[in-house]
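Residues per chain are reported as follows:
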Amino acid sequence: PGSMLVPEALYKKTQTEAQSGDIATAKKGLLRFISEYPGHRLIPDALLDVVRHSIALDDIEGAANYLNTILIRYPAHATAKEAEDIIVLLRGQNPDLPELSLSERFERAEALFAAAKFAPAIAEFTKVRGSNVPEYNIKAAVKTAQVLMRLRRYAEAESELKVLLAGH
């Protein structure tokens, strides 16, 4: 039970269940895997599998929630691009699906920054700043300046902070 192979065996089991057509059982197994091994390297892949199974089971809202989890927590992972493509398709067919909230968008931007994906991080922080919510505006401005510093764009970082200070 303590083997390092248990998580991967559980994940592989869910793949086999899905291939045999038992999507509901595979989805339950994936959710168990995600719950029991939250830091495992296969979590983004498991989440994307849950999305596919949710769509197959006609749970579009659930699929959207799992897609958002990928986009927020794992925006630099290879699964994020596919998640973005799927959410665009789902929103095209279901316009009532919620967009990322301001706090979720900020969390996504921070995850991009932590993964050294600086250009997308700046884009996300800019979207957050466009909301005009003072608390997030300040945080996003400071984070944008930090990203610019990492990119060695010191004059732009200084300018960001001067604009922020001038507003307060």
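The rules behind these values
- Residues numbered from 1 in each chain as written.
- Predicted model: local features only at pLDDT ≥ 70, side-chain atom pairs only at ≥ 80, totals over all residues.
- Heavy atoms only, no water.
- Helix = DSSP H or I, 4+ residues; strand = E, 2+ residues; numbered from the N terminus.
- Buried < 20%, exposed > 50% of the residue type's maximum accessible area, 1.4 Å probe, protein only.
- Contact = heavy atoms within 4.5 Å.
- Lys, Arg positive; Asp, Glu negative; His and termini not counted.
- Charge placed at Lys NZ, Arg CZ, Asp CG, Glu CD.
- Patch = residues over 30% accessible without salt bridge, like charges linked within 9 Å, V, L, I, M, F, W, Y side chains within 5 Å.
- Areas by Shrake-Rupley, 256 points an atom, 1.4 Å probe, with all protein chains shown as cover.
- Salt bridge = Lys/Arg side-chain N within 4 Å of Asp/Glu carboxyl O.
- Axes fitted to C-alpha atoms, helices over the stretch in contact; angles between N-to-C directions.
- Parallel < 35°, antiparallel > 145°, perpendicular 65-115°, else oblique.
- Left-handed = near helix turned anticlockwise from the far one by under 90°.

1. Regarding the overall build of the protein
Okay, so step 1: Of the regular secondary structure elements, the protein holds nine helices and zero strands.
Okay, so step 2: When the elements of the protein are put in sequence order from the N terminus, they spell out α-α-α-α-α-α-α-α-α.
Okay, so step 3: Each principal axis of the C-alpha distribution contributes one length, and for the protein these read about 60 × 40 × 20 Å.
Okay, so step 4: Within the protein, the proportion of its 168 residues that are buried is 40%.
Okay, so step 5: For the protein, contacts bridging at least 24 residues in sequence account for 48% of all contacts bridging at least 6.
Okay, so step 6: Side-chain charges in the protein split into 21 positive and 22 negative, and the spacing between the mean points of these groups amounts to 6 Å.

2. A closer look at a nonpolar patch on the surface
Okay, so step 1: On the surface, a nonpolar cluster with roughly 190 Å² of combined accessible area is contributed by Ile 138, Val 142 and Leu 161.
Okay, so step 2: Relative to the helices and strands, Val 142 is located in helix H8 (residues 134–150).
Okay, so step 3: Overall, Val 142 belongs to the partly exposed group, its relative accessible area being 32%.

3. Things to note about the environment of Leu 5
Okay, so step 1: By the secondary structure assignment, Leu 5 is in the segment before helix H1 (6–19).
Okay, so step 2: Residues Leu 5 and Ile 60, 55 residues apart in the sequence, show an inter-C-alpha distance of 32 Å.

4. Thoughts on the packing of helix H2 (residues 23–36) against helix H3 (residues 43–56)
Two packed helices can be described by the angle between their axes and the distance between those axes.
Okay, so step 1: The geometry of H2 relative to H3 is characterised by a closest axis approach of 9 Å and an angle of 150° between their N-to-C directions. Our classification of the angle between H2 and H3 gives roughly antiparallel. Helix-helix and strand crossings are classified by hand; for H2 and H3 the assignment is left-handed. Across the interface between the two elements, Ile 23, Ala 26, Lys 27, Leu 30, Leu 31, Phe 33 and Ile 34 of H2 pack against Ile 43, Ala 46, Leu 47, Asp 49, Val 50, His 53, Ser 54 and Ala 56 of H3.

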